[in-house]
Amino acid sequence: MPRSRTPARPAGAFVSWMISPKRSPARRRLRRPANSLSIQDLKDVKLSQYFMPILRDAPKEAEIVSHRLMLRAGMIRQESAGIYSWLPTGFKVMKKIEQIVREEQNRAGAIEVLMPTIQSADLWRKSGRYDDYGKEMLRIKDRHERDMLYGPTNEEMITDIFRSGVQSYKDLPRNLYHIQWKFRDEVRPRFGIMRGREFLMKDAYSFDLSAEEGRHSYNKMFVAYLRTFARMGLKAIPMRAETGPIGGNLSHEFLILADTGESEVFFDRDFYDMDWTAFSIDFDDVAAVAGVVEDFTSKYAATDEKHEAAEFERRVPEQKRLSGRGIEVGHIFYFGSKYAEPLGCTVQGPDGQPVTIQSGSYGIGVSRLVGAIIEASHDEAGIVWPEPVAPFRIGLVNLKAGDAQVDAACEKLYRTLEGAGIDVLYDDTDERPGAKFAVMDLIGLPWQVIIGPRGLKEGIAEVKNRRTGERENVSLDQVARRFAGA
Ligand code: ATP
Ligand code: MG
């Protein structure tokens, strides 16, 4: 797809487009949704036994801040152009993002499946996209000379799955999704995992009987996306978008603002003041869901591909016209019968006649979000993770490893925090304090709890908020309680 190369313009100076966390750590924990799964493998670790290969210097190949910080913090390693290994902290962040995406898809009624990465070319020939997709598609031959491909997306396959599993209109509506690796042989993979060739995507596909019901399915995903990004601390503005090779006629991209974004965006400043918090809604309430979509689409917001300067000027007063650059983190499409028609995806309607299914597809760049969140949330010293996606909630810093008393106090607090289910990275190494602080700031955990001989004499630890830099002395026996939720 064409991308504009116009220079960046600030999207309103001094305006933060992150949702600021207003609640205390305790309150926020309580807000975790009831269906939230516990991720067993996300347990606490000691730095002396961990794998977090920190780089002292900024790697030359990294052009943008998120790529630089991810390499420096030891989150990823490039294996070949646009193909990365995910190291422990990077992998943890991606898993947390993935879990938020999953919870919000489930909440909106979508059902999780898992389709393979390798697909047969046959279905793609039927839909006509085997040739259309061009060089971005990685084509493979198996030992029997059959044409295979590494899936760049799954419309054909899911339509075929659905067709073979559903006969009657009574089986509709349905929305199926998976979170799976994709491969697109991008002309210019760059910016680290932000534009990779192999990347993790959530893609959902809706199946409806009529265009009207299809629209409701689209709207549900629209609202689910607002909730998903808000839970990560992001204001992702829905913008009118081109439908590109996916096809169809109704489409929105969700973009977060960042100077390094690849799209130029034009939008109304009013978005800033909208309610972005993860509002609750009954997804079966057609009018309520449509109401939220109406709210968020009534204001002007478009990427360069759909931007109409005259309309922008007519609809938005001059002082509210903002433009800047954005990173696409999600994209939703309604395409009606575009795939169902050629693939013969019909169900028996109420009158016994076959009805062609109406569909849409809905993508979120799960691996891209790791970089996109860093682009939106960092400072000079490093990453500033929003709490819900941070690799650990707390970094426990032992200022004098080897000192029996400090070791014992740290160990005790570490065990208590671990027992309370709080994600802790315990820096038990014998590095200098200055180096430890620099690493903690670089990796961006929301809280640092610092214990040294001086404080210990008075029975206190220092608690530092990474985002604000605020420090506070907290009595050692109160630290765990302070973070322990209810
Ligand atoms: P872009 O315009 O950025 O190339 P796209 O429009 O081709 O993306 P979609 O087909 O809409 O991508 O894919 C859904 C989501 O997957 C995108 O919104 C984006 O977040 C993510 N995504 C797409 N391409 C990549 C990539 N090369 N690397 C990482 N994430 C990607
Ligand atoms: Mg897109």
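Structure: see above.
Residues numbered from 1 in each chain as written. Chains lettered and ligands numbered in written order. Predicted model: local features only at pLDDT ≥ 70, side-chain atom pairs only at ≥ 80, totals over all residues. Heavy atoms only, no water.

The next point concerns the coordination of the magnesium ion (ligand 2). Looking at the metal site, the magnesium ion (ligand 2) is ligated by Glu 328 (OE) and His 331 (ND1), spaced 2.1 to 2.3 Å from it. For His 331, a relative accessible area of 6% puts it in the buried group. (Donors = N, O, S within 2.8 Å, 3.2 Å for Na, K, Ca; no water. Buried < 20%, exposed > 50% of the residue type's maximum accessible area, 1.4 Å probe, protein only.)

Before going further, it helps to spend a moment on the sheet that holds strand S6 (residues 138-141). Read across the sheet, three strands follow the order S5-S7-S6 without closing on themselves; strand pairing throughout is antiparallel. Here the strands that pair on one side only, and so sit at the sheet edges, are strand S5 (118-120) and S6. Across the sheet, the mean angle separating the axes of adjacent strands is 35 degrees when strand polarity is ignored. The pairing of S6 with strand S7 (residues 147-150) spans four bridges and is classified as antiparallel. When the sheet's bridge partners are listed, Leu 138 is paired in S7 with Tyr 150. (Pairing = 2+ DSSP bridges. Helix = DSSP H or I, 4+ residues; strand = E, 2+ residues; numbered from the N terminus. Axes fitted to C-alpha atoms, helices over the stretch in contact; angles between N-to-C directions.)

So, on to helix H2 (residues 65-72). For H2, a buried count of six out of eight residues is recorded, marking the element as mostly surrounded by other parts of the structure. Inspection of H2 places Val 65, Ser 66, His 67, Leu 69, Met 70 and Leu 71 among the buried residues, and these make up the whole buried set. A positive backbone phi angle near 70 degrees is found at Gly 74, which sits one or two residues after H2.

Attention now goes to the pattern of salt bridges. In the structure shown here, the tally under the stated rule is 36 salt bridges. Salt-bridge contacts for Glu 411 lead to Lys 46; the nearest nitrogen and oxygen are separated by 3.1 Å. Here Lys 46 lies in strand S1 (residues 45-46) and Glu 411 lies in helix H11 (residues 404-419), a separation of 365 residues in the sequence. The class for Lys 46 is buried, based on a relative accessible area of 16%. One salt bridge in this structure joins Arg 77 and Glu 79, with 2.9 Å as the shortest N-O distance. For Arg 77, a relative accessible area of 47% puts it in the partly exposed group. A cluster of three or more residues bridged by salt bridges with shared partners is formed by Glu 103, Glu 104, Arg 107, Arg 227 and Arg 231. (Salt bridge = Lys/Arg side-chain N within 4 Å of Asp/Glu carboxyl O.)

Let's shift gears to the side chain of Ser 359. Turning to its location among the elements, Ser 359 is positioned in strand S17 (residues 358-365). For Ser 359, the residues in contact, after removing those within four places along its chain, are Ser 206, Phe 207, Tyr 334, Phe 335 and Gly 336. (Contact = heavy atoms within 4.5 Å.)

A separate point is the nonpolar core. Among the nonpolar cores identified, the biggest contains 89 residues, and Ile 97, Phe 267, Val 370 and Trp 385 are the most heavily contacted of them. Tallying contributions element by element places helix H7 (residues 211-231) first for this core, with nine residues. Ignoring anything within four residues of it in the chain, the contact list for Val 370 reads Met 70, Met 75, Trp 86, Val 93, Met 94, Ile 97, Ile 193 and Trp 385. With 24 residues, the next largest nonpolar core counts Ala 121, Phe 162, Leu 176 and Leu 343 among its residues. (Core = buried A, V, L, I, M, F, W, Y, C linked by side-chain atoms within 4.5 Å.)

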